[in-house]
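Fold and geometry: a report
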Amino acid sequence: MGNAFFYHLTRSPLEATLPMLLAKSLQAGWHVVVRGRDAGRLDWLDQKLWAGPEEGFMPHGLAGGKHDALQPILLTSGADVPNGAQCLMAVDGAEVVADECTGLERVCILFDGNDPAAVDHARGQWKALTGAGIAAQYWSEEDGRWQKKAESGPPPASD
């Protein structure tokens, strides 16, 4: 059964944090699915990954191509995992269900800590996944570097 890691983005934007996590996943030998909710936003992430430094190249593709099953990193808005991924990274409030977690090594949920609605959504995901027995960790960068925080999950959104 995989763990769910929640990443509370407060200092670094998604386009900086995602490549770091993707690199760690590839180093672990995992294939990854990056799940978003909006095709336009996934296209934007695709362009950001292609524009990264040459020494940090991220082999990836957008779902819908003829080589989806071979992609080490696949960006998709769908619920399927055609590349046999061991890791799912959910961005922009993409849904994750507990049944998925049991078949993966890790699920990473990245959320914008400066958006109260995103924090509330992440808290709901935390409650749903941990309530279903999925082990979860909450990571924050509010102190300037990524640190594992208390096991209680994302803080409530501040109004």
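Higher on the page you've got the structure.
The structure reproduced in this document is the subject of the present report.

Turning our eyes to something else, we now look at the pairing of strand β4 (residues 73–76). Side chains of β4 alternate between two faces, with Ile73 and Leu75 and Leu74 and Thr76 buried alike. In the sheet, strand β3 (residues 61–62) pairs with β4 via 2 bridges, with the strands oriented parallel. Counted as the bridge partner of Gly61 is Leu74 from β4.

Here 8 strands make up an open sheet; going across it, the order is β3-β4-β2-β5-β6-β1-β7-β8 and the pairing mixed. The open sheet terminates on both sides in strands that have one partner only, identified here as β3 and β8 (147–148). Sheet strands in contact with helix α1 (residues 14–27) are β1 (3–9), β2 (32–35), β4, β5 (87–90) and β6 (106–112), and its direction is about 175° off that of β5. Across the sheet, helix α2 (residues 39–50) touches β2, β3 and β4, and the angle it forms with β4 is around 150°.

For the rest of this paragraph, the subject is α2. For α2, which comprises 12 residues, the first-to-last C-alpha distance of 16 Å matches the rise-based estimate of 16 Å (1.5 Å per residue) to within 8%. Buried within α2 are the following residues: Leu42, Leu45, Asp46 and Leu49. Seen along its axis, α2 keeps its buried residues to an arc of 105°; they face one direction. Close packing links the buried residues of α2 with α1, β2, β3 and β4. The residue sitting at the N-terminus of α2 and contributing the capping side-chain oxygen is Asp38; that oxygen lies 3.2 Å from the backbone nitrogen of Gly40.

Rules used throughout
Residues numbered from 1 in each chain as written. Predicted model: local features only at pLDDT ≥ 70, side-chain atom pairs only at ≥ 80, totals over all residues. Heavy atoms only, no water. Buried < 20%, exposed > 50% of the residue type's maximum accessible area, 1.4 Å probe, protein only. Helix = DSSP H or I, 4+ residues; strand = E, 2+ residues; numbered from the N terminus. Pairing = 2+ DSSP bridges. Contact = heavy atoms within 4.5 Å. Axes fitted to C-alpha atoms, helices over the stretch in contact; angles between N-to-C directions. Expected span 1.5 Å × (residues − 1). Arc of directions from axis to C-beta. Polar contact = N/O pair within 3.5 Å; in protein donor to acceptor, adjacent residues only side chain to side chain.

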